[in-house]
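Each chain, letter by letter, is given below.
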Amino acid sequence: MPTWMVVEDEPDIYDVLLAMFEIWGIEGVAFVDGAEAVSWIEDVDRGNVVGELPELAILDIRLPEVPGPEVGARLRRSDRLGKIAVVMITAYRLSPEEEEQIKARAQADALMYKPLPAMPELRRALDTIIGRRKPPPPPPVPQTTLTPPPPPPSSSTPQPR
């Protein structure tokens, strides 16, 4: 079962995201503030977290204690989590320059505005973002066909003397 991470301090959005994850068959790792998330990331790096690690992090930009872009930057510095997809979310309207600054600071793959898209559209968008982060599959191994050896001579065939 895939695992996704969410860091969101708004209870309604937090609950909706976790409910969507459950419907989609995705395990959720969730935090209500940036400090909790950073502490968990550090536990992961120390090897104290067992189980499947997330392939995606959805981070609110404005979080208590540690802002979302800083959580994203900390994810990128992680040996074990540094390659996951990171999506920043916000209800605040940002200028194009602010969007780029936040995405750069978090090293985020995308920024989405609240209210988030409808479930099918959101799932497609997140799957696409995750897909861009996954390494390409290795090239197929060429199949070699072996010619079977000829059958042994049958006992009914006269053997040369």
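Look above for the structure.
Residues numbered from 1 in each chain as written. Predicted model: local features only at pLDDT ≥ 70, side-chain atom pairs only at ≥ 80, totals over all residues. Heavy atoms only, no water.

Asker: Talk me through a negative patch on the surface; I want residue IDs and the actual numbers.
Answerer: Together, D9, E10, D12 and D15 line one region of the surface with negative charge. Note on placement: E10 falls in the loop between β1 (3-7) and α1 (11-24). (Patch = residues over 30% accessible without salt bridge, like charges linked within 9 Å, V, L, I, M, F, W, Y side chains within 5 Å. Areas by Shrake-Rupley, 256 points an atom, 1.4 Å probe, with all protein chains shown as cover. Salt bridge = Lys/Arg side-chain N within 4 Å of Asp/Glu carboxyl O. Lys, Arg positive; Asp, Glu negative; His and termini not counted. Charge placed at Lys NZ, Arg CZ, Asp CG, Glu CD. Helix = DSSP H or I, 4+ residues; strand = E, 2+ residues; numbered from the N terminus.)

Asker: Residues and numbers for the packing of aromatic side chains, please.
Answerer: In total, this model carries three aromatic pairs according to the counting rule given. Consider the rings of W4 and F21, whose centres lie 5.3 Å apart with planes at 85 degrees: the pair is edge-to-face. Residue W4 is located in strand β1, and its partner F21 is located in helix α1; the two are separated by 17 residues in the primary sequence. Residue W4 shares its accessibility class with F21, and that shared class is buried. Summarising the aromatic geometry, the rings of W4 and W24 are spaced 5.9 Å apart at their centres and angled 65 degrees between planes, so their arrangement reads as edge-to-face. Taken together, the residues span a long stretch of sequence, with W4 in strand β1 and W24 in helix α1 at a distance of 20 residues. By the burial criterion, W4 is buried, and W24 matches it. One aromatic cluster in this structure is built from W4, F21 and W24. For the cation-ring pair, R62 lies above Y92, with the distance from its terminal atom to the ring centre recorded as 3.8 Å. (Phe/Tyr/Trp six-rings, centres within 6.5 Å; stacked < 30°, edge-to-face > 60°. Buried < 20%, exposed > 50% of the residue type's maximum accessible area, 1.4 Å probe, protein only. Lys NZ or Arg CZ within 6 Å of the ring centre and 35° of its normal.)

Asker: Could you give an account of the sheet that holds strand β4 (residues 85-90), naming the residues involved and the relevant values?
Answerer: Strand order across the open sheet formed by five strands is β2-β1-β3-β4-β5, with parallel pairing between neighbours. For this open sheet the edge positions go to β2 (27-31) and β5 (110-113), each flanked by a neighbour on one side alone. Taking each pair of neighbouring strands and ignoring which way they run, the sheet shows an average axis angle of 20 degrees. Sheet topology places β1 next to β2; five bridges connect them, and they run parallel. Bridge assignment links M5 to a residue of β2, and that residue is V29. (Pairing = 2+ DSSP bridges. Axes fitted to C-alpha atoms, helices over the stretch in contact; angles between N-to-C directions.)

Asker: Outline the side chain of K114, listing residues and values.
Answerer: With respect to the element layout, K114 can be found in the loop between β5 and α5 (119-133). Here K114 falls in the buried class, since its relative accessible area comes to 11%. With sequence-adjacent residues up to four places away left out, K114 is seen in contact with E8, I13, D60, I89, T90, A91 and R93. (Contact = heavy atoms within 4.5 Å.)

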